[in-house]
Amino acid sequence: MDSLLAQHLVNWMVLGSIYALVALGFSLLFGVLNVIHFSHGDVSIVAPFVALAVIQILFAGVLPAGAGWALVVALGVAIVVTGLLGILLDWLVIRRFRGAPAMMALVATVALGSVVRELIRMFYPQGSNPKPFPALIRDSVQIGGVQISAFSVLVVLVSVLMVTLLFWIMHRTPIGLRIRAVAEDRDIARLMAINPNRIFAVTFFLASAVGAIGGLFFASHAGVVRFDFGIQLGLIGFSAAVIGGLGSMHGAIIGSLLIAGIDTLVQVTVPDGASYRMVFIFLLVICVLVLKPSGMLGKPVFEKV
Amino acid sequence: MSATEELRASARPSPLRSLATVIAVELAAAVLLRLFLLSDDTAVIVALLALMGAGFALLQIRPAIEDAIVAAFGEARLAALLLGGIIVLAYPFFLNGSSYALHLLIIAQLYAVLALALNFQLGSANIPNFATGASYGIGAYTSALLAIHFGISFWLALPVAALVATVFGFLLGFPSMRTKESYLALVTIAFGIVIHQLLNNFSWTGGPNGLVGIPAPILFGHSFARPLEVFGHRLPSQANFYYLSAALVALSILSARRLHDSRVGLAWNALRADELAARCQGINVVWYKMLAFGVDAFLAAFAGTVYAFYVSYISPDNFTFIVSVTIMTMVIVGGMDNTLGVILGAFLLTLLPEKLRIFSDYRLLFVSVVVILFLVLRPQGLFQQRARHYGGK
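None of the values given here were measured: they were computed from a predicted structure.

### Regarding the overall build of chain B
Tallying secondary structure elements over chain B gives 16 helices and 6 strands in all. For 393 residues, the compact-globule formula gives about 21 Å, and the C-alpha radius of gyration of chain B, at 21 Å, lands near that figure. In terms of its C-alpha atoms, chain B occupies a principal-axis envelope of roughly 70 × 60 × 45 Å. Buried positions account for 51% of the 393 residues belonging to chain B. A fraction of 78% describes how many contacts in chain B between residues 6 or more apart in sequence connect residues 24 or more apart. Here chain B displays about 18100 Å² of accessible surface, and carbon together with sulfur accounts for 68% of that area. For chain B, the separation between the mean place of its 23 positive charges and that of its 18 negative charges on side chains is 4 Å.

### Points about the packing of aromatic side chains
Residues and elements named next belong to chain A. Taken as a whole and assessed by the stated rule, the structure comprises 20 aromatic pairs over all chains. Geometrically, the ring pair formed by Phe 49 and Tyr 124 is edge-to-face, given 5.0 Å between the ring centres and 75° between the ring planes. Pair noted here: Phe 49 is in helix α2 (residues 40-59) and Tyr 124 is in the loop between α4 (102-123) and β1 (131-132), with a separation of 75 residues, a long-range link. Overall, the relative accessible area of 19% leaves Tyr 124 in the buried class.

### Describing the interface of chain B and chain A
With 39 residues of chain B at the contact, the number on the chain A side is 45 residues. When chain B packs against chain A, the two sides together hide about 3800 Å² of surface, and 81% of this comes from carbon and sulfur. The interface formed by chain B and chain A includes 0 salt bridges. Counting across the chain B and chain A interface gives 2 residue pairs in polar contact (both at pLDDT 80 or more). The greatest single-element share of the side of chain B that touches chain A, amounting to 13 residues, is contributed by helix α9 (residues 181-201) of chain B.

### Concerning the nonpolar core
Grouped together as the largest cluster of nonpolar side chains are 229 residues, with contacts concentrated most on Phe 38, Ile 259 and Phe 282 of chain A together with Phe 130, Ile 189, Trp 268 and Ile 314 of chain B. At 19 residues, the largest contribution of residues to this core is made by helix α6 (residues 99-125) of chain B. Both of domain 1 (1-94) and domain 2 (99-377) of chain B provide at least three residues apiece to this core.

### Structural notes on the domain arrangement of chain B
Residues and elements named next belong to chain B. When its domains are assigned, chain B resolves into domain 1 (1-94) and domain 2 (99-377). In this structure, domain 1 and domain 2 have C-alpha centres spaced 26 Å apart. At the junction of the two partners, domain 1 supplies 16 residues and domain 2 supplies 19 residues. Taking both sides of the interface into account, the surface hidden between domain 1 and domain 2 amounts to around 1600 Å²; carbon and sulfur atoms contribute 80%. Per-residue buried area on domain 1 facing domain 2 is highest for Leu 37, Pro 92 and Phe 93; these three make up 36% of the total on that side. Between domain 1 and domain 2 we count 0 salt bridges in total. Counting across the domain 1 and domain 2 interface gives 2 residue pairs in polar contact (both at pLDDT 80 or more). Going through the elements one at a time, α2 (15-38), α3 (42-61) and α5 (77-90) are the ones with two or more residues in the side of domain 1 that touches domain 2. Looking at which element gives the most residues to the side of domain 1 that touches domain 2, the answer is α3, with 6 residues. Residue classes in the side of domain 1 that touches domain 2 are distributed as 13 nonpolar, 3 polar and no charged.

### Concerning the packing of α2 of chain B against α5 of chain B
Residue and element names in this part refer to chain B. At a minimum axis separation of 10 Å, α2 and α5 run at an interaxial angle of 20°. Looking at the two axes, α2 sits roughly parallel to α5. Pair α2 / α5 crosses with right-handed handedness. Along its contact with α2, which presents Leu 19, Val 22, Ile 23, Glu 26, Leu 27 and Ala 30, the element α5 presents Ala 79, Ala 80, Leu 83, Gly 84 and Ile 87. Here the contact of α2 with α5 is built from residues that sort into 9 nonpolar, 1 polar and 1 charged.

### Observations regarding the environment of Phe 238 of chain A
Among the structural elements, Phe 238 of chain A can be located in helix α9 (residues 229-244). Every residue in contact with Phe 238 of chain A, bar those within four places of it in the chain, is listed here: Phe 26, Ile 36 and Phe 38 of chain A together with Leu 186 and Ile 189 of chain B.

### With respect to helix α6 (residues 174-184) of chain A
Residues and elements named next belong to chain A. Among the residues of α6, those classed as buried are Gly 176, Ile 179 and Val 182. For α6, the arc enclosing every buried residue in end-on projection is 125°, short of the 170-degree limit, so these residues lie on one face. Exposed and oriented more than 90 degrees from the buried face of α6 are Pro 174, Leu 177 and Glu 184. Looking at the buried residues of α6, the elements they touch are α1 (3-33), α5 (150-172), α7 (186-191) and α8 (196-222).

### Structural notes on the UniProt feature "transmembrane region" (unreviewed entry) in chain A
All names here are of chain A. Within this structure's numbering, the places UniProt gives as "transmembrane region" (unreviewed entry) are residues 12-36, 43-63, 69-93, 105-124, 144-170, 199-219, 231-262 and 274-291. From the first C-alpha to the last, residues 12-36 spans 27 Å; its make-up is 88% helix and 0% strand. Structurally, residues 105-124 is divided into 95% helix and 0% strand, and its ends, taken at the C-alpha atoms, are 27 Å apart.

### Observations concerning the confidence of the model for chain B
In the predicted model, chain B carries a mean pLDDT of 82, and the fraction of residues at 70 or more is 94%. Ranking the elements of chain B by mean pLDDT puts helix α1 (residues 3-11) of chain B last, at 62, and helix α13 (residues 285-311) of chain B first, at 90.

### Points about the side chain of Thr 166 of chain B
By secondary structure assignment, the location of Thr 166 of chain B is in helix α8 (residues 154-176). Apart from the residues within four sequence positions on either side, Thr 166 of chain B is in contact with Gly 294, Ala 297 and Phe 298 of chain B.

The rules behind each value
Residues numbered from 1 in each chain as written. Chains lettered and ligands numbered in written order. Predicted model: local features only at pLDDT ≥ 70, side-chain atom pairs only at ≥ 80, totals over all residues. Heavy atoms only, no water. Helix = DSSP H or I, 4+ residues; strand = E, 2+ residues; numbered from the N terminus. Rg over C-alpha atoms; globule rule 2.2 N^0.38 Å. Buried < 20%, exposed > 50% of the residue type's maximum accessible area, 1.4 Å probe, protein only. Contact = heavy atoms within 4.5 Å. Areas by Shrake-Rupley, 256 points an atom, 1.4 Å probe, with all protein chains shown as cover. Lys, Arg positive; Asp, Glu negative; His and termini not counted. Charge placed at Lys NZ, Arg CZ, Asp CG, Glu CD. Phe/Tyr/Trp six-rings, centres within 6.5 Å; stacked < 30°, edge-to-face > 60°. Buried area = accessible area lost by both parts, 1.4 Å probe. Salt bridge = Lys/Arg side-chain N within 4 Å of Asp/Glu carboxyl O. Polar contact = N/O pair within 3.5 Å; in protein donor to acceptor, adjacent residues only side chain to side chain. Core = buried A, V, L, I, M, F, W, Y, C linked by side-chain atoms within 4.5 Å. Domains from an automatic or database assignment. Nonpolar A, V, L, I, M, F, W, Y, C, P; charged D, E, K, R; others polar. Axes fitted to C-alpha atoms, helices over the stretch in contact; angles between N-to-C directions. Parallel < 35°, antiparallel > 145°, perpendicular 65-115°, else oblique. Left-handed = near helix turned anticlockwise from the far one by under 90°. Arc of directions from axis to C-beta. UniProt positions renumbered as here; feature names shortened; annotations may be inferred. pLDDT = per-residue confidence, 0-100.

This is the structure we're talking about:
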């Protein structure tokens, strides 16, 4: 196979995986709470900052050679902390908009995203500067005669694993059953002795933790992380979830692959593509929504009198 | 006389009392705004904000006060308009010639126009639109390009820019026929980002550097870049644009009023209440939705044109997604479908960050927290929408 083509395909898969990890959170939260958590992208990008802080505290910023476990500890802490941050934000702000009109919750979470960003900028040491983020693995592997960076393989494998895990949790565990019950009908679920608030907390943890993995990969892929990366990551993740059909986890994955596809395609084929990629991504979003108004896998909305 | 009529008659203030109320409220507002604009002292600003907070807390606890003031304004409508007009006209003379205060007022007024534009959609018809910033940008860029490349005067560029933006508005309204709620919100977000990115990348829009050297408007031989001299008083050159933007606000209020009272406004309210029911009543849902997009873009482009000619330099960063969100926040904080509330929201959210420069670094954080608190504590906005009432008193 042409190695350049292979490189582009790998790039597509990596971007698609990263976007999917973020988009899944949007879809999950919308499906269960009927709320658009616009600050999800900003929450996800908190993870790399936490990871950097852990590395800083444990090793004064320098990763000792061969200390793979240290990196794993840092990433694990980052994922858990970000998941807990999701619960905290829900408890502090988002739960107050459960019965409110959708636009209220949307504007509130946009403001919340700005609070998260500003908190990083103000209170993280030198938070307004871009920070180098370490590569998770540096090696490369040979697959079918093509040299592929091990990082790409890791991203795709972990994403597939996470998606499988998420589906397993949702469809094969008691907690997943409860989450689906609450998503279906909050009041009936309460009659079945399910505490919706607990389920919301679990959902926020899951969504934020999965988003955190996306944020970590995003930072590692870019090699750098800045406090305002969350806006772009959030917008693309949100778009992927919407064009796939809000509330549908399959849709979020397909939407992410579609957006990553056009992203890669534009960067490769259009001259000066890197500066026009956002234009093409969002034109695609508009086109998909004109053709399929409730996303590709979204349930069509029937109005009943 | 039935009991309700009697109750109403007793609640109706006497003409003299309502006149006094109107004068007191308008003068107090003018004086407080002046204090707020001219003060450099953080303590004074915080005290003023606390006073305002207390005022709204009082309204929250005793809604009757708000009703009484509204009734008074209804009673002494002519006096209220007259006094309001005089205050607006005379205001620059009382600012000690501070060009900074005038600048703040101009920006606040332009945002008031933008917020009123969005209010037609978000407030009246409950159509989410995150692209007001884009229409604002289209207006600004169209008029700036016309002025720079073709030497077209401000007065001709203004309507042309508005027409171009309206065409784009209808273009954006097109997908709105099919999508709804969050999906529609995303379409408008996407539209805003596409416009911003295109402005940022085309070479003929100056790319990220934007357009420089937009000439100042000229009216009857008087250049708006020159100081304004009235009755021997010398006002800074900003005063020209102050009056221009005040006229624009007046125009927006007038059109908001007229549209609200017309069949169009009624149709929008019907859409907000229940789209399906509206359709069953024979309301052309598609047309009225498109119209809302068109009107929003039209007014936003006016504001954009004035902004471009005022600062004489525009760049894509003036018209980002964040700007659209800010405008939307103004409408929600002020009070959906309440003209006065929306204007107050625009003033508050423009002046507050400017005046908090002392905490410069914490500004955005503070404003975001205030917005969240507002949405939690007073979700109906500063002033809530009022029920329509027809005929009589």
